[in-house]
Each structure stands twice: as C-alpha cells, then as structure tokens.
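# Descriptive structure summary
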Amino acid sequence: MFRKVFIANRGEIALRVIRSCKELGLNTVIGFSEADRDSLPVKLADEKICIGPAPASASYLNIPSVISAIEITGADAVHPGYGFLSENIPFVEICEASRIVFIGPSAENIRMMGDKSFAKKTAKSYKIPVIPGYEENVLKAALAHAKKIGFPVIIKASAGGGGRGMRRVNTIDEFHKLWTTCQEEAKASFGESALYLEKFLERPRHIEVQLLGDKRGNIMVFPERDCSIQRRHQKLIEESPSPFVGEKLRRRLCGYAYKLAKKIGYRSAGTIEFLVDSDGRPYFIEMNTRIQVEHPVTEIVSGIDLLKSQILISQGDRLGFTQKDIKIKGCAIECRINAEDPSRNFMPSPGRIEKLVLPGGPGIRVDTHIYEGYTIPSYYDSLIMKLISYGRTRAEAVERMQRAFDETVIGGIKTTIPLYKKIFEHPIFLSGRYSVKWLENFLESESAKVSAEAAKN
Ligand code: ADP
C-alpha cells in the first residue's frame, strides 16, 4: 500500500486523482505552481508544496523541482495526470531509479509507443492495419510514396500530440514547403523534427479503445469511445458507445487493442486510437500511454473506476474484475467546457468566476476545479470543466446534457457552452452520423451566417 501519493498536475485531473486516492484511503500531496496557490485541488489535498513559478516550464514540467518536492514530502508514488510529465521518459526513468512508483506505464512501454511513427511500425509488425503511408523521416522517399498513394496526404510529427504538428498536403507542388514548415513547427513544439507521412482520409471517425494492463500480464479492454467531434484535430465531445460502431467492428477494434497491448507488455491505463474510414475500415493511428481527459464516459458506461484501477495496478494489486465483467450499459457523453469565446475565434477567456451554478440531477457528472471567486490563470490550457451526461439511451443522454447546459451559470468569463448548445440541437449530431470534419464545416457555416448578417446591417 502506498503511504503518500504525489500529484504532479493541476486543474480538474488533479482533483480527480485526489478523489480516487481519498476513496482508497491514501494520503495526497500536491505540487503546485505560484499561479495555482488558490486552486481547489491545492485546498483539498492533504499536503501541498510549491514547485515553482507560473510558467509550466518552471514548475509542472521542471523535473528537478518535481523530484525534489516528491523527496522532501516523502511521497512514495507520483500520479502525473495527463499532459505535463505524464509521458516524459526521462522523468519516468528518474522515478524508476529513485524508487518512486510512477502511476503509469514503464519507461519502456512509453518508449515503444511514444514515437508515433515507431508505434505505427510496431502495430504493422503485429498485423494490425495502419493507414497507408511512409514511416521514415526522409523527404525524397516520402514524396515518392505520396505520389504512389495519391494526394491528399498528411504530414505528421513523430513526436506530435494534442492535434499539433500535422499538415494536410493537397498537391505535389506544396509538398516541399509544407514538409519544411511542419519540421520547424515540430522542432519548436516538441523539440524533435522527425516527420512521417500518411494518406489523408476524407471523412473518418476517431474511435478509441481504453484498456488496463496489470503487472501480472492481464489486459482488459473496454468498448469504444467516439471522439469525432473535433476542432483543429482536438477533441471537444466524446461519447461511449459510438453511435457508428456495430458489434462486429467493436470486436475487431477491441481485438487489435488487446493484441497490441499484450505484445508490448503494457502495464497501466492506456488508450489505442483508430481512425475508421467511411467504409468502416479501421486503422491504428497511435497509443496514448496515460489516463485521458475523456476517461469518465468509459467509467460511467462500464461502472469501473479507471483512476482507482490505475493506482491499484501500479501497487501491484490484482483487479477485482475480469474481462467478462466489462459490459456496457446505456450511453455517456462528455463535453469539454473551455474558458474561450467561440464567437471570437475561440479566444482564451481567463479571469475571475463571478458566479457559478453547477448542474445536477439524474445522469449528470461534473468534473471541475473551478468555484465562485476563483480566478482562472492565463498560463495553462483552457479546460475548466467536463460536463458528462448519462442515459439508458443516447437520446436520454442528449436530453440530460441539454438540461445541464440550461442549468449551468458561469459568470465573469466566456465559455464554449453556447457552441455546445447549438451542436446538441443539430440534426447531424443528433443522428450520430458525424465525421471528424463535421464540426469544422459547421463552424465555417456559422461564421458565414454571421458575416452575411453583418453585411445586411
Ligand atoms: P495527436 O497525437 O496530435 O492527437 P493523432 O494522430 O491522434 O494526433 O490525430 C488527431 C486527429 O487528426 C485525428 O482524430 C483526425 O481527426 C486527424 N487525423 C490524423 N491522421 C489523419 C489522417 N491520416 N487523415 C485524416 N485525418 C487525420
């Protein structure tokens, strides 16, 4: 049993980890930046320690500072949440060498899956389908492959993440220029410039499979999440099960996820991501070796606490359930509420929460670190709340979400709720027949409407 768990993160996920630790009877200590002194997780953890100034590079990403804080506070395990140090191999190696249990996969697991082109090659070697392309970082050969598979193609950063470091290329003429731009962006964002190439799929769905691997080699997979509602390749709404996936495809996706995790000896919570083309053919795109933002929808439909399971696995415990116990019931949908102004090109809207009324009632879960009087700092990402609804059917989950939007009041800042209200009334969203392109097209048509109105007046 761990004595004390150090939380190396902030915001809603820090709070989520504290909640699971409390339920497991574990003491918590949070490392916080100067900008987060007044945040809810800092108030709710058993102990707190400042790890540096506001910029993440000086605090949440500062490995010597985080490791010292763990040592000083005597924690014997660290939960990294998502983002920040959650997939940082040097950090995990230092933890492993310092006898601090990293609540996540091994450094070796991350090494196998962290580099996206290498992960693709690994998946391919296990006969898991991948999108046709070229996995080596060689411009000339990549161009030759692009000509062979046909345009459009997509150039991706091997170290990429969070929807960044990707460029669609429509013609041969653009290829050189976009390759260079992508290389520069990748170097600036991820410190590594290696690229690879894929056929660009026109209207795919993004479907992913959550899994848990324990230290005894058992792998359990969970029925899919659909994360196709995206803006700039970033997920905004996720649901489980997918309204698009039938039993046959579900079995295939879960089978591929199981196989890949088993082959690499994966030991923690993780997610295997696929794109499914308009003909229903699935392709592996990457693995995320961490707990993800959208994990609650799976927790709700399966009734299994993934965070607790992840902690128990890293303690070496046996999980209290088997694959046969994983059944899904009903439908859950999550909306990522951001402090952004959707009517002004999603401009960040940090500031003081003057008024806060949270929704409730049957089938509503709210994961948030904000409270009335709290000031959202401008240094970090803009996720302020995850609104999750559950229903016996998708229609019921949608109705409950609509009710939750109406009940919610967040005063003092702008949020993305007005956009979600429109999405939840749109026939395409309601029908479940959307691809990863749908939201971008919808936003374009909305802004065209606004311009036409402005021209009339
Ligand atoms: P990241 O690691 O940054 O999250 P992913 O490789 O997981 O990037 O892709 C994120 C999103 O980008 C996908 O869900 C999809 O919308 C889009 N995308 C990625 N690869 C392709 C592709 N080959 N064709 C079309 N869209 C793609």
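Please read these numbers as outputs of a predicted model, since none were measured by experiment. (Residues numbered from 1 in each chain as written. Predicted model: local features only at pLDDT ≥ 70, side-chain atom pairs only at ≥ 80, totals over all residues. Heavy atoms only, no water.)

## Considering the nonpolar core
Applicable threshold: Definition of nonpolar core: a set of buried residues of the types Ala, Val, Leu, Ile, Met, Phe, Trp, Tyr and Cys, connected through side-chain atoms within 4.5 Å. Buried residues are those whose accessible area, probed at 1.4 Å on protein chains only, stays under 20% of the maximum for their type, while exposed residues exceed 50% and partly exposed ones sit between those limits. By convention here, the domain bounds are inherited from an automatic or database domain assignment. Note on contacts: a residue pair is in contact if any heavy atoms of the two residues lie within 4.5 Å.
F6, V66, I70, V78, F91, L212 and I311 are the most contacted members of the largest nonpolar core, which totals 56 residues. Taken domain by domain, this core gets at least three of its residues from each of domain 1 (4-103) and domain 3 (205-448). Apart from the residues within four sequence positions on either side, V66 is in contact with F6, A8, I51, S59, Y60, L85 and F91. By size, the runner-up hydrophobic cluster in this structure holds 37 residues, among which are I237, I333, L419 and L439.

## Focus on the packing of aromatic side chains
What counts here: Between the rings of Phe, Tyr and Trp (Trp by its six-membered ring), a pair exists once the centres lie within 6.5 Å; its type follows the angle of the planes, with under 30 degrees stacked, over 60 edge-to-face, and the other angles tilted. Put simply, DSSP marks the helices as runs of H or I at least four residues long and the strands as runs of E at least two long, and each gets a number from the N terminus on.
Counted under the stated rule, the structure contains 13 aromatic pairs. With 6.4 Å between their ring centres and 40° between their planes, Y256 and F274 make a pair best called tilted. One end of the pair, Y256, is in helix α9 (residues 247-263); the other, F274, is in strand β14 (residues 269-276), and 18 residues separate them in sequence. In this structure, Y256 and F274 share a single accessibility class: buried. When the centroid spacing of 5.3 Å and the interplanar angle of 45° are considered together, the rings of Y371 and Y374 count as tilted.

## Considering helix α8 (residues 172-190)
What counts, and what does not: A helix is expected to span 1.5 Å for every residue after the first. Fitting axes to the seven residues that end at a residue and to the seven that start at it, the angle between those axes gives the bend at that residue.
In this model α8 runs 26 Å from its N-terminal to its C-terminal C-alpha over 19 residues, within 8% of the 27 Å that 1.5 Å per residue would give. Considering bend angle alone, the principal kink of α8 is centred on L178 and spans about 25°. F175, L178, W179, C182 and A186 are the residues of α8 that are buried. Along its buried surface, α8 packs onto α7 (139-149), β7 (153-161), β8 (164-169) and β9 (195-199). Phi for G191, located one or two positions after α8, is positive at around 75°.

## Re the site of the ligand
Inclusion rule: Here, proximity means that at least one heavy atom of the residue falls within 4 Å of the molecule or strand. Whenever two N or O atoms come within 3.5 Å, that pair is a polar contact, provided that in protein one can donate a hydrogen and the other can accept it, and provided that, for residues adjacent in sequence, both atoms are side-chain atoms. All accessibility values rest on the Shrake-Rupley procedure with a 1.4 Å probe; residue burial counts only the protein chains present in the view. For this scheme, ten residues count as nonpolar: Ala, Val, Leu, Ile, Met, Phe, Trp, Tyr, Cys and Pro. Four count as charged, namely Asp, Glu, Lys and Arg, and the remainder, Gly too, count as polar.
Close to the ligand lie 22 residues; G163, L201, H206, Q230 and E286 are nearest. Residue G162 places a main-chain N or O atom 3.3 Å away from an oxygen atom belonging to the ligand. At 3.1 Å, a side-chain N or O of E273 approaches an oxygen atom of the ligand. Taken by itself the ligand offers 550 Å² of open surface, and the protein chains cover 95% of this. The set of elements that each furnish at least two residues to the shell around the ligand consists of β7, β8, β9, β14 and β15 (282-288). Per-element accounting of the shell around the ligand gives the leading share, four residues, to β7. Its residues assigned to classes, the shell around the ligand comprises eight nonpolar, seven polar and seven charged.

## Topic: the sheet that holds strand β6 (residues 133-134)
Under the convention used in this document: Note: two strands are recorded as paired if DSSP finds a minimum of 2 bridges between them. Inter-axis angles, ranging from 0 to 180 degrees, are taken between N-to-C directions of lines fitted to C-alpha atoms, where helices are fitted over the stretch in contact.
Strand order in the open sheet formed by four strands is β6-β9-β7-β8, with antiparallel pairing between adjacent strands. A strand with exactly one partner marks an edge of an open sheet, and here the two such strands are β6 and β8. Here two bridges tie β6 to β9, and the two strands are oriented antiparallel to one another. From the neighbouring strand, G133 faces β9, where its bridge partner is E198. Docked against the sheet, helix α6 (residues 116-125) engages β7 and β9, running at close to 55° with respect to β9. In this fold α8 packs onto β7, β8 and β9, with an angle of close to 175° to the strand it touches most, β8.

## Quick look at the domain arrangement of the protein chain
Stated formally: The term buried area refers to how much accessible surface (probe radius 1.4 Å) is lost by two components on association, counted for both of them together. A pair is scored as a salt bridge if a Lys or Arg side-chain nitrogen falls within 4 Å of a carboxyl oxygen belonging to Asp or Glu.
Examined at the domain level, the protein chain breaks down into domain 1 (4-103), domain 2 (132-199) and domain 3 (205-448). For domain 1 and domain 3, the distance between their C-alpha centres works out to 23 Å. In this complex, domain 1 contributes 34 residues to the contact, which on the side of domain 3 involves 27 residues. Interface of domain 1 and domain 3: buried area, both sides summed, is about 2400 Å²; carbon and sulfur atoms make up 61% of it. Of all residues in domain 1, the largest losses of buried area upon contact with domain 3 belong to E12, R16 and Y82, amounting jointly to 25% of the total for that side. Our count for the domain 1 to domain 3 interface comes out at five salt bridges. With its nearest N and O atoms 2.8 Å apart, the salt bridge here joins K308 to E23. Taken together, domain 1 and domain 3 are joined by 12 residue pairs in polar contact (both at pLDDT 80 or more). The set of elements that each furnish at least two residues to the side of domain 1 that touches domain 3 consists of α1 (11-23), α2 (40-44) and β5 (101-102). Per-element tally for the side of domain 1 that touches domain 3: the top contributor is α1, with nine residues. Its residues assigned to classes, the side of domain 1 that touches domain 3 comprises 18 nonpolar, eight polar and eight charged.

## With respect to the packing of helix α4 (residues 89-97) against helix α5 (residues 107-114)
Selection rule: Note that the term roughly parallel is reserved for angles under 35 degrees, roughly antiparallel for angles over 145, roughly perpendicular for angles of 65 to 115, and oblique for everything else. For any helix crossing, the convention is left-handed if the near helix is rotated counterclockwise from the far helix by under a right angle, and right-handed if that rotation is clockwise.
Where α4 contacts α5, the axes come no closer than 9 Å and their chain directions differ by 165°. Relative to α5, the element α4 lies roughly antiparallel. The handedness of the crossing between α4 and α5 is left-handed. Counting all contacts with α4, which are made through I89, V92, E93 and E96, the residues of α5 involved are A107, I110 and R111. The residue inventory of the contact of α4 with α5, partitioned by class, reads four nonpolar, no polar and three charged.

## Side note on the pattern of salt bridges
Scanning the model with the defined rule gives 40 salt bridges in all. Between R3 and D76 there is a salt bridge, and its shortest N-O distance comes to 3.9 Å. Within this pair, whereas R3 is found in the segment before β1 (4-7), its partner D76 is found in the loop between α3 (63-73) and β4 (77-79), the two being separated by 73 residues in sequence. Overall, the relative accessible area of 14% leaves D76 in the buried class. One salt bridge in this structure joins R167 and E185, with 2.5 Å as the shortest N-O distance. Taken together, the residues R167 in strand β8 and E185 in helix α8 connect sequence positions 18 residues apart. If you follow the salt bridges from partner to partner, you end up with E208, R225, K235, E238, E273, E294 and R336 in one network.

## Notes on the sheet that holds β5
Reading across the sheet, the five strands line up as β3-β2-β1-β4-β5 and stay open at both edges, with parallel pairing between neighbours. Where the open sheet ends on each side, the last strands, each with one partner, are β3 (47-52) and β5. Pairing of β1 with β4 involves three bridges; the strand directions are parallel. Bridge assignment links V5 to a residue of β4, and that residue is A77.

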